[in-house]
Amino acid sequence: MTNTAPALWRMLSLRDDYPAGQCWAWMDSADRRCAKPADDSHLCARHTKVAQAKLDRLKAKAAPKVNPERRAMLESRIASYS
């Protein structure tokens, strides 16, 4: 977890009171939590990659081509995950 944001779990988790050491990612298709062994980011390796990809897509949306109001909204959303 050297180059990922510490709060990536917020993108994939429903709550923050799950047990430490287990993945907090919610899997909609299975209607349950992942619960695989997790690192200090509260996500397993697979879900860390998924959350990072979501964050990267959000950052791409905040590119200069977006109007200023939408860009400010996207940047505040991105900041909440960092």
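Everything numeric here is computed off the predicted structure, so don't read it as measured data. Residue positions within a chain follow its written sequence, with the count starting from 1. Only residues with pLDDT of at least 70 get local features here, since the model is predicted, and only at 80 or more are side-chain atom pairs given and counted; chain-wide, interface and lining totals rely on the full set of residues. Excluding hydrogens and water, the side-chain values take into account all heavy atoms of the structure.

1. Notes on helix α3 (residues 68-81)
What counts, and what does not: Here a helix means four or more residues in a row that DSSP labels H or I, a strand means two or more in a row labelled E, and each is numbered from the N terminus. Each helix should span, by expectation, one fewer than its residue count multiplied by 1.5 Å. The cut-offs for exposure are 20% and 50% of the maximum accessible area for each residue type, with area from a 1.4 Å probe on protein chains only; residues under the lower value are buried, those over the upper are exposed, and the others partly exposed. Starting at the helix axis, one direction is taken to each C-beta atom, and the arc is that of these directions. Throughout, a contact is declared for two residues whenever any of their heavy atoms are within 4.5 Å.
For α3, spanning 14 residues, the distance from its first C-alpha to its last is 20 Å, which sits close to the expected 20 Å at 1.5 Å a residue. The set of residues buried in α3 consists of Leu-74, Ile-78 and Tyr-81. Buried residues along α3 cover an arc of 50° about the axis, so they all sit on one side. Projecting away from the buried face of α3 at angles above 90 degrees are the exposed residues Pro-68 and Glu-69. On its buried side, α3 packs onto α1 (9-12) and α2 (45-61).

2. Observations regarding the confidence of the model for the protein chain
This is how it is decided: You can read pLDDT as the predictor saying how much it trusts each residue, on a scale of 0 to 100.
On average, residues of the protein chain score 80 in pLDDT, and 85% of them reach the 70 mark or higher. Within the protein chain, α1 has the poorest average pLDDT of any element, 81, and α2 the best, 87.

3. Here's the deal with the packing of aromatic side chains
Each aromatic ring pair is characterised by the separation of its centres together with the angle its planes make. Inclusion rule: Note on aromatic pairs: the rings of Phe, Tyr and Trp (six-membered ring only in Trp) are paired at centre separations within 6.5 Å, and the planes decide the class, stacked below 30 degrees, edge-to-face beyond 60, tilted for the rest.
In total, this model carries 2 aromatic pairs according to the counting rule given. Judged by centre distance (5.1 Å) and plane angle (80°), the rings of Trp-9 and Trp-24 are edge-to-face. Of this pair, Trp-9 sits in helix α1 while Trp-24 sits in the loop between α1 and β1 (26-27), and the two are 15 residues apart along the sequence. Given a relative accessible area of 16%, Trp-9 falls into the buried group. For Trp-24, a relative accessible area of 5% corresponds to the buried category. Linked through ring pairs, Trp-9, Tyr-18 and Trp-24 together constitute an aromatic cluster.

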